Amino acid sequence: MIKSELVEKLANDNPQLFARDIEKIVNTVFDEIAAALAEGNRVELRGFGAFSVKHRAARLGRNPRTGEAVAIDEKWTPFFKAGKEMRERLNRKPPQTDNQDSDNVVDVKF
Amino acid sequence: MADKTVTRADLTEAVYRAVGLSRSESAIFVETILEEITQRLEQGETVKLSSFGTFSVRDKKERIGRNPKTGVEVPITPRRVLSFRPSHVLKDQINRQMLKKAEGQ
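Residues numbered from 1 in each chain as written. Chains lettered and ligands numbered in written order. Predicted model: local features only at pLDDT ≥ 70, side-chain atom pairs only at ≥ 80, totals over all residues. Heavy atoms only, no water.

**Quick look at the overall build of chain B**
What counts is decided by this rule: To qualify as a helix, a DSSP run of H or I must reach at least 4 residues; to qualify as a strand, a run of E must reach at least 2; elements of each kind are numbered from the N terminus. Both definitions apply: the radius of gyration is a C-alpha atom measure, and the globule rule equals 2.2 Å times residues to the power 0.38. Any residue under 20% of the maximum accessible area for its type is buried, any over 50% is exposed, and the rest in between are partly exposed; the area is computed with a 1.4 Å probe on protein chains only. Pairs of residues are marked as contacts when any of their non-hydrogen atoms sit within 4.5 Å. The method behind every accessible area is Shrake-Rupley, applied with a 1.4 Å probe, and residues are considered shielded solely by the protein chains displayed. We treat Lys and Arg as the positive residues and Asp and Glu as the negative residues; His and chain ends play no part in the count. A charged residue contributes its charge at one atom only: NZ of Lys, CZ of Arg, CG of Asp or CD of Glu.
Across its full length, chain B carries 3 helices and 6 strands. In chain B, the order of α-helices and β-strands from amino to carboxyl end is β-α-α-β-β-β-β-β-α. The globule rule puts the C-alpha radius of gyration for 105 residues at 13 Å, and the 19 Å found for chain B is more than 25% above it. Summarising its shape, the C-alpha atoms of chain B cover approximately 55 × 40 × 25 Å along the three principal directions. Counting the 105 residues in chain B, one finds 31% classified as buried. Once local pairs closer than 6 in sequence are excluded, the contacts in chain B between residues at least 24 apart make up 34%. Carbon and sulfur atoms make up 50% of the accessible area of chain B, which amounts to about 6,700 Å² in all. The averaged location of the 14 negative side-chain charges in chain B is 7 Å from the averaged location of its 19 positive side-chain charges.

So this is what it looks like as structure tokens:
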């Protein structure tokens, strides 16, 4: 799914609103998360996950082809950790069908 | 560095300010967006949010782990994990602002 498909889905479910307003809502949510991270803040969405910013110190790297040492500036990287409910939902077993059981039970007497 | 934790309430407030919805309607939208994304991921779909990043589900095979305290080997069951790959736009925005902040101190 891409963002425009998310907007389309929400627009279909909310015919009372203009699609451009839905688009604004979706953009606002992710712009707000991005803005918070750019401030160095953490974004915690219980059940979904948490976004944070990790600092990577400046270091001396190496060009793997030439072996030449290159200075790598310090940088900040966004990081996401899935929430507990998200992890559970991704690993939920598909509903079991009892076909196998009923196949084995051949001579049921009533 | 991090002085504030942003939550659903803050996202709701931002939506409330951006469009002419009530606070409770805004809260429902925030929840619906997260729920829709979660459902797609549950189905194993990848969710791409341009200029923000991509969420994708990866399958992990079973492997042998070790209880770090006791040293006992235990099988780690196969599982699905969620990965987030930030877009360049997001990474650049964070770096630009954090660097400015760091230099300002």
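On we go.
**Some points on the domain arrangement of chain A**
Residue and element names in this part refer to chain A. Put simply, the rule reads: The start and end points of each domain follow an automatic or database-based domain assignment. The term buried area refers to how much accessible surface (probe radius 1.4 Å) is lost by two components on association, counted for both of them together. N or O atoms within 3.5 Å of each other form a polar contact, as long as, within protein, one can give a hydrogen and the other can take it, and as long as residues adjacent in sequence are counted only when both atoms are side-chain atoms.
Domain boundaries in chain A define domain 1 (1–41) and domain 2 (42–88). For domain 1 versus domain 2, the distance between C-alpha centres works out to 25 Å. Facing 5 residues of domain 1, the contacting portion of domain 2 comprises 7 residues. Carbon and sulfur atoms make up 83% of the surface buried where domain 1 meets domain 2, a total of about 460 Å² over both sides. On the domain 1 side of the interface with domain 2, the three residues burying the most area are Ile 33, Leu 37 and Asn 41, jointly 88% of the side's total. At the surface where domain 1 touches domain 2, the tally comes to 0 residue pairs in polar contact (both at pLDDT 80 or more).

**What about the sheet that holds strand β1 (residues 42–45) of chain A?**
The condition that has to hold: In this scheme, strands are said to pair when DSSP sees at least two bridges between them. For helices, the fitted line uses only the C-alpha atoms of the stretch in contact; every axis is such a line through C-alpha atoms, and the angle between N-to-C directions lies from 0 to 180 degrees.
Read from one edge to the other, the open sheet built from 4 strands follows the order β5(A)-β2(A)-β1(A)-β1(B), with strand pairing classed as mixed. Each edge of the sheet is formed by a strand with only one pairing partner; in this case those strands are β5 (75–82) of chain A together with β1 (5–6) of chain B. Sheet analysis places strand β2 (residues 49–56) of chain A next to β5 of chain A, joined by 8 bridges and oriented antiparallel. In the sheet register, Gly 49 of chain A faces β5 of chain A, and the bridge partner there is Ala 82 of chain A. Relative to the sheet, helix α3 (residues 88–104) of chain B contacts β2 and β5 of chain A, its axis offset from that of β5 of chain A by approximately 125°.

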